[in-house]
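Read off the chains here:
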Amino acid sequence: VEAQCAKAAKPKKAKPPKPSSKPVAPLDPLAAAAPVIEQLIRMKNGDIFAEPVDWEALGLPDYPTVVPRPMDLGTVLKRLKSGAYASVADLAADVELIWSNAMAYNQDGSFVYKAAVTLRAAASKKFAPLLALPHPSSGDQAADGKGYQGGVGGAQAGGSSAGGEAGAGGEEEAGGGGG
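Everything numeric in this text was worked out from a predicted model, so none of it was measured. Think of each chain on its own: its residues are numbered from 1, step by step along the sequence as written. Local features are withheld for residues below a pLDDT of 70 in this predicted model, meaning they are given only at 70 or higher, and side-chain atom pairs are given and counted only at 80 or more; totals for whole chains, interfaces and linings count all residues. Only heavy atoms go into the side-chain values, all of them from the structure, while hydrogens and water stay out.

Participant: Before we go on, may I ask you to explain the packing of helix α4 (residues 73-81) against helix α5 (residues 88-105) in this structure?
Facilitator: A pair of packed helices is captured by two measures, namely the crossing angle of their axes and the spacing between those axes. At their nearest, the axes of α4 and α5 sit 10 Å apart, and the two run at 170° to each other. By the angle between their axes, α4 is roughly antiparallel relative to α5. Counting all contacts with α4, which are made through L73, V76, R79 and L80, the residues of α5 involved are L91, D94, V95, I98 and W99. Residues that form the contact of α4 with α5 fall into these classes: seven nonpolar, no polar and two charged. To get an axis, fit a line to the C-alpha atoms, keeping to the stretch in contact for a helix; angles then go from 0 to 180 degrees between the N-to-C directions. Each helix is a run of H or I in the DSSP string that is no shorter than four residues. Each strand is a run of E no shorter than two, and both are numbered from the N terminus. Should an angle lie under 35 degrees it is considered roughly parallel, over 145 roughly antiparallel, and from 65 to 115 roughly perpendicular; all remaining angles are considered oblique. Residues count as neighbours in contact if any of their non-hydrogen atoms are within 4.5 Å of one another. When residues are sorted by character, Ala, Val, Leu, Ile, Met, Phe, Trp, Tyr, Cys and Pro go into the nonpolar class, Asp, Glu, Lys and Arg into the charged class, and all the rest, Gly among them, into the polar class.

Structure follows, in structure tokens:
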């Protein structure tokens, strides 16, 4: 009986895995960005940044002056799906523009301003790994090698509110931007 137990206790030699005949395609960072944008929209208060600000309907005649290049998550997602972005860095710059616009138009401490700060931090975390991946067509890393840093996108992040504020859901603040 002991001989049978000893025989059963011997581990079998593991066979090495067979090499796959299919080449493994590198992850396309742009393709991986769509779910990130969708996650941002689904996050708490992400819906305020999901569509362009309808500044005319909201009675915000100064909005185009304060926010010369509006942007929102829905527009970014549409542009991404249509192939408008050459790199994740380009896409991340538009995402950063959303937060910068919201912070430039809305007063520091306001609901929309705080939501922009929170979502900016979430976007930074979510985009960092994608920006570190090499672009499939070039094999290079992100141009600056730093990833999503916030502040990319050209709009200044101030706290001033020029005129009335407006936003989604009956709030009187302007969300992310427009398309």
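From this point, the discussion proceeds with the structure in view.
Participant: Explain unusual backbone geometry here, please?
Facilitator: For N45, which is not glycine, the phi dihedral falls at a positive 70°. With relative accessibility at 21%, the residue N45 sits in the partly exposed group. Remark: exposure states derive from per-residue accessible area (1.4 Å probe, protein chains only) relative to the maximum for the residue type, with buried under 20%, exposed over 50%, and partly exposed in between.

Participant: Looking at this structure, how should I read the nonpolar core?
Facilitator: Taken as a class, soluble globular proteins show a tendency for nonpolar side chains to be buried jointly. Each nonpolar core is a collection of buried residues, namely Ala, Val, Leu, Ile, Met, Phe, Trp, Tyr and Cys, held together in the definition by side-chain atoms within 4.5 Å. Counting 34 residues, the largest nonpolar core has I37, L40, F49, L91, W99 and F127 as its most contacted members. Residue assignment for this core shows that the elements contributing at least two residues are α2 (29-42), α4, α5 and α6 (111-132). Broken down by element, the residue count for this core peaks at 10 residues, all from α6. Beyond its immediate stretch of four places on either side in the chain, L91 contacts L30, A33, I37, V76, L80, Y85 and F127. Membership of the second largest hydrophobic core comes to five residues, among which are V53, Y63, V67 and Y105.

Participant: Explain the pattern of salt bridges here, please?
Facilitator: When a carboxyl oxygen of Asp or Glu is within 4 Å of a side-chain nitrogen of Lys or Arg, the pair counts as a salt bridge. In total, this model carries four salt bridges according to the counting rule given. Notably, a salt bridge pairs D94 with R79, separated by 2.6 Å at the nearest N-O pair. Separated by 15 residues along the polypeptide, D94 in helix α5 and R79 in helix α4 bring together distant segments of the chain. On the basis of relative accessible area, D94 is assigned to the buried category, the value being 3%.

Participant: How do you make sense of the packing of α2 against α5 when you look at a structure like this?
Facilitator: Taken N-terminus to C-terminus, the directions of α2 and α5 make an angle of 20°; their axes are 10 Å apart at the nearest point. The orientation of α2 relative to α5 falls into the category roughly parallel. Our pair here, α2 against α5, has a crossing hand that is right-handed. Where α2 abuts α5, its residues P29, L30, A33, I37 and L40 lie against V88, L91, V95 and W99. Its residues placed into classes, the contact of α2 with α5 shows nine nonpolar, no polar and no charged. Definitions for this section: a left-handed crossing has its near helix turned counterclockwise from the far helix by less than a right angle. A right-handed crossing has that turn clockwise.

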